[in-house]
Amino acid sequence: MPQIAYLGPPGTFTEQASRALTTGFDAELVAYDAVPQALAAVRAGDVVAAGVPVENSVEGSVPVTLDSLVSGDPLVAVAETIIPITFDVLVRQGTTAAEVGTVASHPHAIAQVRGWLAENLPGARAEPAASTAAAAAAVDAGEFDAAISAPIVVEHYPSLERLATGVADVRDAITRFLLVRRPGPPPEPTGADRTSVAAVIAHEVGSLTDVLAELSLRGINLTRIESRPIRDRIGEYRFYLDFDGHVADARIGDALAALRRRCSEVRFLGSYPKADHSPSAVRPSASEQAFRASEQWLAEIRAGRLA
Ligand SMILES: O=C(O)C(=O)Cc1ccccc1
């Protein structure tokens, strides 16, 4: 049975997402302590794929995922899913709110409940943990007093109980997760796809505008843009771009080729069906048919059959 790595231990949001990402085929989920380790296991061929969190509607991107995707051998996303996020606050049985001096969780979870903590556990110190479920395990082991966790995690720790449930500063928060594997033929286009790339854009006047113009000129809808430092130089950045469309689409292929000419580094991070299945709007001048017709026209001219 194929093995899929995820950010563990059991009971994380990433486990939930990885189950959703692998519904329909038999897969064994294998917990890893951190996203870089899960991706390293994919690169090493120990597992076939990994489920990783990429961005949250409240707290933004998950930097460790973005950085790990581009350092090391290439990896590509083949599926995405979106999970609604609310938290439970777990304590060892019998612990009262007044007794909570430390509250542990994944930094993204802590950031999403800061208001609730200030109001309900004002004396508690927030402590970062590798994941929400790792925080629950640490509370179970007596290392912290409370954990901010996924509602499901309590099933794994019978000695913990809920101090609060449905905790979230922002209602309807969601997190987007990707299923990532070693490069291979991308999933078939569905008409409702997303393409992700990471591009190092030169530190020159207008270079970012020029890259974005390559997309807009081809009627490509940008759905995310995010920069991260490239680490060994200041002033130059790696941009993570997500846009509507599939690498098999003519307008997307054309834009990627233009990015390749403009940028010192372009890493293709995958074309995959969008979780919300919303079809990509394509303007007539950027349709497959329009691209084919214009290529044909040019070929005729080059062959001297048309002027
Ligand atoms: O720690 C987890 O459970 C994760 O899967 C990472 C995470 C943390 C907070 C919100 C979404 C995902």
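Everything numeric here is computed off the predicted structure, so don't read it as measured data.

With that settled, the discussion passes to the site of the ligand. Neighbouring the ligand are Leu7, Thr12, Phe13, Thr14, Ile85, His106, His108, Ala109, Gln112, Ser131, Thr132 and Thr175. For the ligand, an oxygen atom lies 2.9 Å from a polar atom in the backbone of Phe13. In the environment of the ligand, an oxygen atom lies 2.4 Å from a nitrogen or oxygen atom belonging to the side chain of Thr132. Within the complex, 99% of the 320 Å² of free accessible area of the ligand lies under protein. Looking at the shell around the ligand, the elements with two or more residues in it are α1 (13-21) and α4 (107-112). Considering each element in turn, the shell around the ligand owes the most residues, 3 residues, to α4. Counted by class, the shell around the ligand contains 4 nonpolar, 8 polar and no charged residues. Composition of the shell around the ligand by domain shows at least three residues from each of domain 1 (1-84 + 174-184) and domain 2 (87-167).

Attention shifts here to the UniProt feature "domain: ACT" (unreviewed entry) in the protein chain. Following the UniProt record, the feature "domain: ACT" (unreviewed entry) maps to residues 196-273 here. Across residues 196-273, helical content stands at 29% and strand content at 40%; the span's end C-alpha atoms are separated by 11 Å.

Turning our eyes to something else, we now look at the domain arrangement of the protein chain. Domains assigned within the protein chain are domain 1 (1-84 + 174-184), domain 2 (87-167) and domain 3 (185-307). The C-alpha-based centres of domain 1 and domain 3 are spaced at 24 Å. Across the boundary between the two partners, domain 1 contributes 24 residues, which contact 21 residues of domain 3. Counting the surface lost from both domain 1 and domain 3, the interface buries some 1700 Å², and carbon and sulfur atoms represent 51% of this. Where domain 1 packs against domain 3, one counts 5 salt bridges. The partner of Asp67 in a salt bridge is Arg231, with the nearest N and O atoms 3.0 Å apart. Summed over the shared surface of domain 1 and domain 3, the result is 13 residue pairs in polar contact (both at pLDDT 80 or more). Those elements that place two or more of their residues in the side of domain 1 that touches domain 3 are α3 (63-70), β5 (76-84) and β11 (174-181). Here the side of domain 1 that touches domain 3 takes 7 residues from β5, the largest share from any one element.

Now for the packing of helix α2 (residues 35-44) against α3. Where α2 contacts α3, the axes come no closer than 9 Å and their chain directions differ by 25 degrees. Relative to α3, α2 is oriented roughly parallel. Classified by chirality, the crossing of α3 by α2 is right-handed. Counted together, Val35, Pro36, Leu39 and Arg43 of α2 and Val64, Thr65, Ser68, Leu69 and Val70 of α3 form the full contact between these two elements.

What follows deals with the sheet that holds strand β9 (residues 146-149). The strand order across the open sheet built from 5 strands is β8-β7-β9-β6-β10, with neighbouring strands paired in mixed fashion. Looking along the sheet, the strands with just one partner apiece sit at the ends: β8 (125-128) and β10 (160-167). Here the average twist between neighbouring strands, direction ignored, is 25 degrees. Strands β6 (87-92), β7 (102-105), β9 and β10 of the sheet are contacted by helix α6 (residues 132-140), whose axis makes an angle of about 160 degrees with β9.

The 4 strands are arranged β13-β14-β12-β15 in an open sheet whose pairing can be described as antiparallel. The open sheet has two edge strands with one neighbour each: β13 (222-229) and β15 (265-273). Averaged over all pairs of adjacent strands, the angle between their axes in this sheet comes to 15 degrees, without regard to strand direction. Bridging between strand β12 (residues 193-201) and β15 involves 7 bridges; their strand directions are antiparallel. When the sheet's bridge partners are listed, Val200 is paired in β15 with Glu265. Sitting on the sheet, helix α8 (residues 250-262) is in contact with β12, β14 (237-244) and β15, with an inclination near 170 degrees to β14.

Attention now moves to the environment of Ala198. The topology assignment puts Ala198 in strand β12. For the pair Ala198 and Ala79, spaced 119 residues apart in sequence, the C-alpha to C-alpha distance is 17 Å. Ignoring any residue separated from it by four or fewer positions in sequence, one finds Ala198 in contact with Val70, Arg238, Phe239, Tyr240, Glu265, Val266, Arg267 and Leu269.

For the rest of this paragraph, the subject is the UniProt feature "domain: Prephenate dehydratase" (unreviewed entry) in the protein chain. As annotated in UniProt, the feature "domain: Prephenate dehydratase" (unreviewed entry) corresponds to residues 3-182 in the numbering used here. Secondary structure across residues 3-182 comprises 27% helix and 35% strand; the distance between its end C-alpha atoms is 13 Å.

Cut-off values and rules
- Residues numbered from 1 in each chain as written.
- Predicted model: local features only at pLDDT ≥ 70, side-chain atom pairs only at ≥ 80, totals over all residues.
- Heavy atoms only, no water.
- Near = heavy atom within 4 Å.
- Polar contact = N/O pair within 3.5 Å; in protein donor to acceptor, adjacent residues only side chain to side chain.
- Areas by Shrake-Rupley, 256 points an atom, 1.4 Å probe, with all protein chains shown as cover.
- Helix = DSSP H or I, 4+ residues; strand = E, 2+ residues; numbered from the N terminus.
- Nonpolar A, V, L, I, M, F, W, Y, C, P; charged D, E, K, R; others polar.
- Domains from an automatic or database assignment.
- UniProt positions renumbered as here; feature names shortened; annotations may be inferred.
- Contact = heavy atoms within 4.5 Å.
- Buried area = accessible area lost by both parts, 1.4 Å probe.
- Salt bridge = Lys/Arg side-chain N within 4 Å of Asp/Glu carboxyl O.
- Axes fitted to C-alpha atoms, helices over the stretch in contact; angles between N-to-C directions.
- Parallel < 35°, antiparallel > 145°, perpendicular 65-115°, else oblique.
- Left-handed = near helix turned anticlockwise from the far one by under 90°.
- Pairing = 2+ DSSP bridges.

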